2 protein chains.
Amino acid sequence: MPVQLIETTPSAYSYPLLIKHLLHTPLAHAPDQEIVYRDSVRYTYRTLQQRIGRLANALAALGVEPGHTVAMMDWDSHRYLECFFAVPMMGAVLQTVNVRLTAEQMLYTLNHARADVVLVNSEFFPLLQAMAERLESVKTFVLIHGDHENPEKMQAPVPFAGEYEELLAAAATDYDFPDFDENAKATTFYTTGTTGLPKGVYFSHRQLVMHTMGAATGLGTAPVQGRLHRDDVYMPITPMFHVHAWGLPYVATMLGLKQVYPGRYQPEVLLRLKARERVTFSHCVPTILHMLLNHALARETDLSGWKVMIGGSALPQAMAVAALEKGIDVFTGYGMSETCPILSVAHLPTAKLQAPLAEQAALRARTGLPLPLVDLRIVDAEMRPQPHDGQAVGELVVRSPWLTQGYLKDPASAEELWGGGYLHTADIGNIDANGSIQITDRIKDVIKTGGEWTSSLQLEDIIGQHPAVHEVAVIGVRDEKWGERPLALVVLKPEMDGQVTEHAIRNHAAHLAETLGVSRYGVLMQVSFVKTLARTSIGKINKRFMRENLEAAKAAQP
Amino acid sequence: MPVQLIETTPSAYSYPLLIKHLLHTPLAHAPDQEIVYRDSVRYTYRTLQQRIGRLANALAALGVEPGHTVAMMDWDSHRYLECFFAVPMMGAVLQTVNVRLTAEQMLYTLNHARADVVLVNSEFFPLLQAMAERLESVKTFVLIHGDHENPEKMQAPVPFAGEYEELLAAAATDYDFPDFDENAKATTFYTTGTTGLPKGVYFSHRQLVMHTMGAATGLGTAPVQGRLHRDDVYMPITPMFHVHAWGLPYVATMLGLKQVYPGRYQPEVLLRLKARERVTFSHCVPTILHMLLNHALARETDLSGWKVMIGGSALPQAMAVAALEKGIDVFTGYGMSETCPILSVAHLPTAKLQAPLAEQAALRARTGLPLPLVDLRIVDAEMRPQPHDGQAVGELVVRSPWLTQGYLKDPASAEELWGGGYLHTADIGNIDANGSIQITDRIKDVIKTGGEWTSSLQLEDIIGQHPAVHEVAVIGVRDEKWGERPLALVVLKPEMDGQVTEHAIRNHAAHLAETLGVSRYGVLMQVSFVKTLARTSIGKINKRFMRENLEAAKAAQP
């Protein structure tokens, strides 16, 4: 017998999960709450609603229709927030353009997404200039006046259909945002790996509403530490072009929070805004936190009580301690472009709030606990779930209502991403008995030996502790019997050259690896002394090159 | 141009919003957290998961298939919680039977819903006995042993297919709960008005998941007062048969809270469980709160810090003050059977937490602020939204992702419920500038005069203050020109009989009504002295009878 579907009376509203519905509560609870942009703009949610209406009318007048793609090139601003709502609410797709890409990469993404309209801050005229001739689908450009320019003197690289504020001023505030399929595409943007072309991910209205609810629930129900609530003041310090600023602008808007948009990230502006507007909730990458902590202004700014969620890369524990010493409630959030992004948050158990800062830092730097509805597993190569014992490692694979359902026009990569019906994060980690996740490696950094995964980073750590070793890279090399076996490419300290054998390093490290439980296949490890390690153009150790050019890498003999 | 729907790669998991997905986080975060039933059962979420699997296997062995209806007749228990999950997760429909109905009403609901299976606590054998011969669709009965019985001596009124615990013990723990359409019916139950047959409402998996997320977000993001978080201990004191115990068992489970199920509500048991298990979050009707506050055991029980959400009927302010004096964080939640149920919650603004208790009580007794995604409006008879000024009144109409889409097999009532595309609550109220809703009347208690609504309750209040008046009922009577005009049926105090005229009462009250702004149509009010007011069988003033039997009501002359 099939399941019984609910019957719907003709007049009933079936309530598609559309972004426009996020606006009901802020307009009911907090119509006079403020939205602030740097030193220049301050308005209420009532005005936000009117400006969303104006923007939709202005874009419609420029020919934007449902299904069109509207690309945004701006720093974090109230305008960006308006686009987060108005563009998808019209039924169009918002492309959030990573303004830190090269002109060539950006050109690729705009052409690949077939952007119809581009809104561009005049500060990006040089980028636009470099692309203008080769943009294939863009029919309309809208100018946004940057903060630090003399508009009269700017040379427009393209003909603009109008200027953002002038267009809004001329438009009506009422726009009848229609209902449509909740699976309509709302946003798209590109993720850039270390190799290959940027890949387009995309999210539907339903997915963004569910992410908003999931993030609000997960962050809101934290017992004490890191919890988000309706008295918070929110300021993003992860760009809005980057996975919707982690989705927090949607969360903050739904909850009717005071919001502060800082424009281009400048430490002194961020710190001043933090203090002046009494910001209590932000998120950023470790590099930005480091910059803020070490800025001169940080010494005279009260940062206590500032909840700062860290993502993008691992939170170094020393940085966590430094932040905690300033009274910052720092903790990790985990996710990626493909996941909208938040999957888990490292909230501390209440009992640990009195623990020494170093112990807290270790917990706050973990990958955390999954949000509601997130089905997150660690699995082996055959997709078998691994135990939650803090030891067993596996790839993190995930299902949730807010994961990209593919890569734009790239079905092969999409199928690879979703192999076995779970989204593959390509992160390797363990889960402890309390459900707390810890990522240890990227999958490309693990070596699969005899069906088990060994962390190359842990082997490197062990070998790096040998007094003769200057630096080391451990990669997996093909092995008929074992699948892969570890190979350590070791650069010795100049003064140790000739003082130690490959065999001695191997014995020392392999023994330690087994004793510490890092790998029982340590015995299979080989060591080759090399003169240098291959590096990428930005100076990172390039393991991919080493794996693909094994002989050349080994040939870098001392 | 149509909207662009997102493309889904074949292997991607589209994540239907199914009740089974609420279990991911508790099993990840809190597998060892406890679920307690009175003094007799205490187990972990791990066991809950296993028992959900056992129950599904046991029901499947009894022939339960997707689409079947499984009715539950039990007090609030861990078994009920298991049914909340296992039955819908199989694709079957859980009918939560109101065990306080008469046997005739209950029989009607079981036949009307075409229940296939009934699980029944032996304490309800007399009810079952009275229905057994006339149950039309039930093929299978499952026995639940009550707490206070000698099972050997109970006379089974029907042949039972098995006993709940024995069936579970014999079943396997693993059940492969399938994916299916998120619009599958998950639960159904009946709402009983003062007249007419019970009406069946029903909720899909998607609706219950969205209600769970909405309630968790709305309760979780409260700044201070009334907030729900992951360290809370939950105990329902609104029956699980009544609108899923306000949906909180689903919320508590998703968040991995410790949960306490009290069985049949007995004040001393509730107070003992509250103290022993350190319960921090409950919900109940005012009558139960009154009973708890006035129980002897309450004097020696520390009730401070207990968050108690009140619904079902208005929270009397004096009761709120009494609860606040005991340290109870009491506040109103608003909803109804048709709305899953929660629509709004009366959280206090942080600034008001220091206000005198009487002022707080007034705010806590309001209808509150809408949950996220709830589009709640006050509208006039032509569905025109009324201003949020705390004065203008209208009917509360609502859209949210968790409203019944009809009444079972009652299309006419379903269309009436959803007239104009909004669910009609039949409640009349106002909304102030802070978004806070205040219900003032049921729609049947307002009088529509010249297109405006006048509260009969406010007119009664005014007339009741006249020193000669013993009691009064104000109803609307048809009027060709005005639509309706108010008629006050007044019973004088015996000693005032003949001391005052109908005209004098009318003048006094009509003048006051206009002066106080209650109604500018007070001048149209008529007054009739009567000997008695018609009452219902349970002693409530029966305005419906008076309206429908106007001459008889007026004829009750003194």
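Residues numbered from 1 in each chain as written. Chains lettered and ligands numbered in written order. Predicted model: local features only at pLDDT ≥ 70, side-chain atom pairs only at ≥ 80, totals over all residues. Heavy atoms only, no water.

**Section: the overall build of chain A**
As a reminder of what qualifies: Numbering of helices and strands runs from the N terminus; a helix is a DSSP stretch of H or I covering at least four residues, while a strand is a stretch of E covering at least two. Here the globule rule reads 2.2 Å times residues to the power 0.38, and the radius of gyration is calculated from C-alpha atoms. Relative accessible area decides the class of each residue, using a 1.4 Å probe on protein chains only: under 20% of the type maximum gives buried, over 50% gives exposed, and in between gives partly exposed. Contact definition: two residues touch when any of their heavy atoms are within 4.5 Å. Accessible surface area values rest on a Shrake-Rupley calculation with a 1.4 Å probe, where residue burial reflects the displayed protein chains alone.
Helices and strands together make up the secondary structure of chain A, namely 19 helices and 25 strands. A compact globule built from 558 residues should have a C-alpha radius of gyration of about 24 Å, and chain A, at 25 Å, falls within 12% of that. Along the three orthogonal principal directions, the C-alpha set of chain A runs to about 80 × 65 × 55 Å. Counting over 558 residues, chain A shows a buried share of 60%. Taking all contacts inside chain A whose residues are at least 6 apart in sequence as the whole, residues at least 24 apart take part in 68%. Accessible surface, chain A as shown: approximately 21,400 Å² in total, 51% of it carbon and sulfur.

**What to know about the pairing of strand β3 (residues 69–73) of chain A**
Residues and elements named next belong to chain A. Rule in force here: Crossovers are described as right-handed under a simple rule: with the strands pointing away from the observer, the path leading from the first strand over the helix to the second runs clockwise. Two strands qualify as a pair provided DSSP detects at least 2 bridges between them.
Burial within β3 is extensive, with five of its five residues counted as buried. Here β3 shows a buried face lined by T69, A71 and M73 and a second buried face lined by V70 and M72. Handedness of the β3-helix α3 (residues 78–89)-strand β4 (residues 93–96) crossover: right-handed. Relative to strand β5 (residues 117–121), β3 is paired through four bridges, and the arrangement is parallel. Note that in β5 the partner of A71 across the bridge is V118.

**What to know about the side chain of R230 of chain A**
Rule in force here: Asp and Glu are treated as the negative residues and Lys and Arg as the positive ones, with His and the ends of the chain left uncounted. The rule for a salt bridge is simple: a side-chain nitrogen of Lys or Arg has to be within 4 Å of a carboxyl oxygen of Asp or Glu. Distance and chemistry together define a polar contact, namely a pair of N or O atoms within 3.5 Å, with one atom able to donate a hydrogen and the other to accept it when in protein, and with adjacent residues in sequence counting only for side-chain atoms on both sides.
With respect to the helices and strands, R230 of chain A occurs in the loop between α7 (205–220) and β10 (233–234). Buried charged residue R230 of chain A carries no salt bridge. Nearest counter-charge: D231 of chain A, at 7.1 Å. Among the polar contacts listed, one links the side chain of R230 of chain A to the backbone oxygen of G218 of chain B, at a separation of 3.0 Å. Here the side chain of R230 of chain A touches H347 of chain B through a polar contact of 3.1 Å, side chain to side chain. In this view, R230 of chain A contacts H29, L255 and L257 of chain A together with G218, T221, A222, P223 and H347 of chain B; residues no more than four positions away in its chain are not counted.

**A few points about the packing of aromatic side chains**
Our working rule: Aromatic rings from Phe, Tyr and Trp, with only the six-membered ring used for Trp, were paired whenever their centres fell within 6.5 Å, and each pair was classed as stacked if the ring planes differed by under 30 degrees, edge-to-face if by over 60, and tilted otherwise. Lysine NZ or arginine CZ positioned within 6 Å of the ring centre and within 35 degrees of the ring normal marks a charge as sitting over the ring.
Counted under the stated rule, the structure contains 18 aromatic pairs over all chains. Both rings, one in F85 of chain A and one in Y250 of chain A, keep their centres 5.3 Å apart while their planes meet at 70°; by these two values the pair is edge-to-face. Here F85 of chain A is found in helix α3, whereas its partner Y250 of chain A is found in helix α9 (residues 248–254), with 165 residues between them in sequence. In this structure F85 of chain A comes out as buried when scored by relative accessible area, which is 0%. The interplanar angle of 40° and the centroid separation of 4.6 Å between the aromatic rings of Y175 of chain B and F177 of chain B together place this pair among those described as tilted. Since its relative accessible area comes to 25%, Y175 of chain B is described here as partly exposed. Here the basic side chain of R399 of chain A rests over the ring of Y422 of chain A, its NZ or CZ set 4.1 Å away from the ring centre.

**Things to note about the relation of the copies chain A and chain B**
Definition in use: Least squares is the method for superposing the copies, and the C-alpha atoms it fits come from residues with pLDDT of at least 70 in both.
When chain A is fitted onto chain B, the two copies agree to an RMSD of 0.1 Å after a turn of 180° and an axial shift of 0.0 Å. Interpreted geometrically, this transformation is the action of a two-fold axis. Of the residues that chain A buries at the interface, 100% are likewise interface residues in chain B, meaning the two copies contact each other through the same surface.

**Side note on the nonpolar core**
Keep this limit in mind: Residues grouped as a nonpolar core are buried Ala, Val, Leu, Ile, Met, Phe, Trp, Tyr and Cys residues, joined through side-chain atoms within 4.5 Å.
Ranked by size, the top nonpolar core spans 224 residues in total, and within it F85, L119 and L248 of chain A together with F85, L119 and L248 of chain B carry the most contacts. Within the second largest apolar cluster, 31 residues are counted, among which are Y265, C284, W306 and V308 of chain B.

**Some points on the sheet that holds strand β20 (residues 437–442) of chain B**
All names here are of chain B. Defined as follows: Interaxial angles span 0 to 180 degrees and are taken between N-to-C directions of axes, which are lines fitted to C-alpha atoms, for helices over the stretch in contact.
Spatially, four strands are ordered β17-β18-β19-β20 in an open sheet, and the strand pairing comes out antiparallel. For this open sheet the edge positions go to β17 (375–379) and β20, each flanked by a neighbour on one side alone. Sheet twist, expressed as the mean angle between neighbouring strand axes with direction ignored, is 45°. Sheet analysis places β17 next to strand β18 (residues 394–399), joined by five bridges and oriented antiparallel. Residue pairing across strands places V379 opposite E395, the latter belonging to β18.

**Concerning the interface of chain A and chain B**
Heads up, the condition is: Once two parts are put together, the accessible area they lose, assessed with a 1.4 Å probe and summed over both, is termed the buried area.
Facing the 83 residues of chain A at the interface are 83 residues of chain B. Of the roughly 6,800 Å² buried between chain A and chain B, counting both surfaces, carbon and sulfur atoms make up 57%. Counting across the interface, chain A meets chain B through two salt bridges. Scanning the region where chain A abuts chain B turns up 41 residue pairs in polar contact (both at pLDDT 80 or more). Listing elements by their share of the side of chain A that touches chain B, those giving two or more residues are α1 (24–29), β9 (199–204), α7, β16 (369–370) and α15 (411–417) of chain A. It is α7 of chain A that contributes the most residues to the side of chain A that touches chain B, ten residues altogether.

**A look at the environment of K352 of chain B**
Residues and elements named next belong to chain B. Relative to the elements of secondary structure, K352 occurs in the loop between β15 (342–345) and α14 (357–364). In sequence terms K352 and L363 are eleven residues apart; their C-alpha atoms lie 8.9 Å from each other. Among the polar contacts made by the side chain of K352, one reaches the side chain of E359 at a distance of 3.0 Å.

**Concerning the pattern of salt bridges**
When their charged atoms lie close together, side chains carrying opposite charge are able to pair. Residue and element names in this part refer to chain A. All told, the structure shown has 64 salt bridges over all chains when counted by the stated rule. Where D116 meets K139, a salt bridge forms, and the shortest distance between an N and an O atom there is 2.7 Å. Residue D116 is located in the loop between α4 (103–112) and β5, and its partner K139 is located in the loop between α5 (125–131) and β6 (140–144); the two are separated by 23 residues in the primary sequence. Overall, D116 belongs to the buried group, its relative accessible area being 10%.

**Some words on the sheet that holds β5 of chain A**
Residue and element names in this part refer to chain A. Here we have seven strands laid out as an open sheet, ordered β7-β6-β5-β3-β4-β8-β9, and mixed in their pairing. Strands at the two margins of the open sheet, each flanked by one partner only, are β7 (162–163) and β9. Sheet topology note: the β5/β6 ladder contains five bridges and is parallel. For N121, the partnering residue across the bridge sits in β6 and is I144. Strand contacts of α7: β8 (185–191) and β9, with the helix running at about 75° to β9, the strand carrying the most contacts.

**Describing the confidence of the model for chain A**
Here is the rule we go by: A score between 0 and 100, pLDDT records how confident the predictor is in each residue.
On average, residues of chain A score 93 in pLDDT, and 98% of them reach the 70 mark or higher. The ipTM, which scores confidence in the relative placement of chains, is 0.91 for this predicted complex, and the corresponding pTM is 0.91.

**Observations concerning unusual backbone geometry**
Each neighbour pair has its own omega, and for C340 of chain A with P341 of chain A the value is 10°, a cis peptide bond. If you trace the backbone, P341 of chain A turns up in the loop between β14 (329–335) and β15 (342–345). A positive phi is found at K409 of chain A, a non-glycine position, where the angle reads about 55°. Positionally, K409 of chain A belongs in the loop between β18 (394–399) and α15. For L373 of chain B, which is not glycine, the phi dihedral falls at a positive 75°.

**Observations regarding the environment of L369 of chain A**
Within the secondary structure layout, L369 of chain A lies in strand β16. On the basis of relative accessible area, L369 of chain A is assigned to the buried category, the value being 18%. In the structure, L369 of chain A is positioned 151 residues away from G218 of chain A in sequence and 9.1 Å away in space, judged by C-alpha atoms. Those residues in contact with L369 of chain A that sit more than four places away from it in its chain are L343, S344, V345, A346, H347, N434, G435 and S436 of chain A together with H29 of chain B.

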